[in-house]
Amino acid sequence: MRDEVGRLRHRPDFLRVAGTRQKAVAPGLILQVGKRGDVGDAQPAIPRVGFTVTRKVGSAVVRNRARRRLKAAAAAIFPAHALPGLDYVVIGRGATLGRPFILLIEDLTTAMRRLNAYRNQSESPTA
RNA sequence: CCAGACGGCCGGAUGGCCGCUCUUUCCCCGCUUGCCGGGGGGAGGGAGGAAAGUCCGGGCUCCACGGAAACACGGUGCCGGGUAACGCCCGGCGGGGGCGACCCCAGGGACAGUGCCACAGAAAACAAACCGCCGGCCGCGAGAGCGCCGCCGGCAAGGGUGAAACGGGGCGGUAAGAGCGCACCGCGGCCUCGGCAACGAGGGCGGCACGGUAAACCCCACCGGGAGCAAGACCAAGUAGGAACGGCAGUCCGUUCGGCUUAAAGCCGGGCGGGCGGGUGCGUCUCCGCAUCGUCGUUCGGGUCGGUCGCGCGAGGCGCCUGGUAACAGGCGUCCCAGAGGAAUGGCCAUCGCCCGCCUUUAACAAGCGGUGCACAGAACCCGGCUUACAGGCCGUCUGGCUCC
RNA sequence: GCUGCCGUAGCUCAGUGGUAGAGCACGUCCUUGGUAAGGACGGGGUCCGGUGUUCAAUCCACCGCGGCAGCA
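Residues numbered from 1 in each chain as written. Chains lettered and ligands numbered in written order. Predicted model: local features only at pLDDT ≥ 70, side-chain atom pairs only at ≥ 80, totals over all residues. Heavy atoms only, no water.

### Some points on the pairing of strand E5 (residues 86-92)
Within E5, 7 of the 7 residues are buried, leaving the element largely enclosed by the surrounding structure. Side-chain alternation along E5 places Leu86, Tyr88, Val90 and Gly92 on one buried face and Asp87, Val89 and Ile91 on a second face that is also buried. Across 7 bridges, strand E3 (residues 29-35) lies against E5 in antiparallel orientation. Note that in E5 the partner of Leu31 across the bridge is Val90. In this sheet, E5 lies alongside strand E4 (residues 48-52) in parallel orientation, the contact comprising 5 bridges. The partner of Arg48 across the bridge, within E5, is Asp87. Each parallel crossover has a hand, and for E4 linked through helix H2 (residues 60-81) to E5 it is left-handed. (Buried < 20%, exposed > 50% of the residue type's maximum accessible area, 1.4 Å probe, protein only. Helix = DSSP H or I, 4+ residues; strand = E, 2+ residues; numbered from the N terminus. Pairing = 2+ DSSP bridges. Right-handed = clockwise from strand over helix to strand, strands pointing away.)

### What about unusual backbone geometry?
Phi at Arg21 is positive, roughly 65 degrees, even though this residue is not glycine. Along the chain, Arg21 turns up in the loop between helix H1 (11-19) and strand E2 (23-25). The phi torsion at Asn116 lies on the positive side, around 55 degrees, for a residue other than glycine. Tracing the chain through its elements places Asn116 in the segment after helix H3 (101-114).

Structure representation (structure tokens):
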């Protein structure tokens with residue numbers, strides 16, 4: 001069972017998610033969560049994810065690599081464990097590049113659990 | 001072998017699993033049948049030498065404009081060549097550095113004008129004279145000589161200051177001196193020769209007349225219209241069916257409504273229909289036809305921030321040949337080589353290569369273990385340069401030194 | 001993509017060719033029974049880096065590094 005995960009692409013979406021102040025900090029990343037605002041109520045809205053890596057992290061090469069590793073981590077977890085109707089924003093930190101990939105995935109799952117945004121695989125997504 | 005100079009090149013390799021994006025092709029489903037939408041499979045392409053800084057030059061697009069010129073502003077600045085062009089490149093010249101290979105230089109004009117040259121020093125620029133030197137007179141003294149408080153005249157060699165002092169040091173000359181004279185060097189004209197030229201070489205003349213600074217203002221010559229792909233074009237959606245100004249301007253007939261009027265007539269304003277004229281669009285243009293309408297332009301206001309094009313065949317890459325010292329040019333053959341849009345080109349793993357550390361051990365290697373060690377760095381319209389960053393490595397040419405034959 | 005500005009003592013800033021300064025801060029001393037205030041003295045600077053122009057550069061020119069801001 002592989003569910004779709006959408007992608008946040010516009011600045012207002014990021015600002016709305018940041019405005020909810022739902023934040024969890026892990027060594028390798030920071031996670032923000034917010035409910036989708038524009039939902040049509042007929043279909044259950046798919047979860048969406050966006051990535052932010054600021055210039056404080058480093059040069060363009062460093063920022064690109066950090067974002068790609070976060071994308072890979074999200075692709076490994078979100079299709080099975082993201083909750084529908086939520087928008088996730090994953091923020092890269094300076095340690096994102098040096099962190100082993102396994103620990104990066106653990107960081108993501110613990111951050112999701114801490115924000116009550118983690119779905120166990122057995123639960124039905126369309127509750 | 002060591003040290004060095006210059007030019008060019010590479011800048012991790014192979015494989016596995018899971019993904020991203022573009023192109024192409026096939027299959028299935030759907031309907032509003034079409035380069036339609038959704039899903040799936042196959043094949044192929046997918047960062048750089050600097051993609052960076054944005055310091056120059058172009059293409060392309062829009063705006064402005066009578067061909068253009070001028071002022072202002074900015075840039076460039078020895079000569080010749082290359083180039084689409086350049087502030088780039090190549091070859092020369094001049095100056096400076098290095099034993100040398102070679103390297104460095106914004107390198108026009110200081111008799112067009114203005115400004116500045118601190119401190120020190122007599123004096124920092126049409127010259128002048130502080131300490132001085134010399135001669136004459138005067139005074140003192142027997143004399144050599146002396147004279148701060150004496151006079152007149154000549155001189156600029158010496159001293160000291162400074163970054164820089166109206167040629168340099170040498171010989172002659174002189175009372176002392178002085179290009180006053182002489183040779184050399186420097187400087188400025190002239191002539192001849194070589195060179196396309198910058199410039200160089202030689203000869204002869206002049207008589208020191210001409211300090212530095214133009215990356216101070218400036219003068220001269222040449223170049224530059226402005227903005228930038230978020231340029232610009234189209235589609236969809238959607239708001240207002242808006243306001244102001246300007247360009248030709250509406251006119252005639254019928255009918256109807258309102259106002260003025262007691263009513264009619266008449267006048268004014270509006271609606272509808274038609275004719276003529278006008279605008280816009282299409283048909284290849286003036287003719288003509290069709291459609292549509294008050295139109296078009298500018299500015300403001302309002303709305304949208306979705307999609308498509310621009311967008312990659314190019315001053316293109318590679319190989320060979322020819323011309324040229326070279327930059328480069330020409331010819332022939334061959335290849336098609338990224339196109340994202342919160343932005344693809346990746347994540348994880350294994351093996352090899354290189355580097356670092358440790359241990360065992362050595363004259364040295366090798367082997368073993370560990371390493372979150374493997375440079376600088378990510379296309380955003382494209383191209384030519386410049387500049388800056390860069391672990392490690394390869395190739396070629398040349399210079400100096402040492403040793404051996 | 002385009003365009004400006006800034007970098008000077010630990011901090012905030014002057015200085016714009018000629019030996020680099022002010023305020024605050026810091027140190028020592030005086031004053032006080034003691035502290036603060038006040039007074040006296042003092043230490044501190046690769047003037048962001050490099051190359052050049054000039055006799056001489058914080059200042060002028062060029063090239064970098066870092067930071068800030070504006071326009072689209």
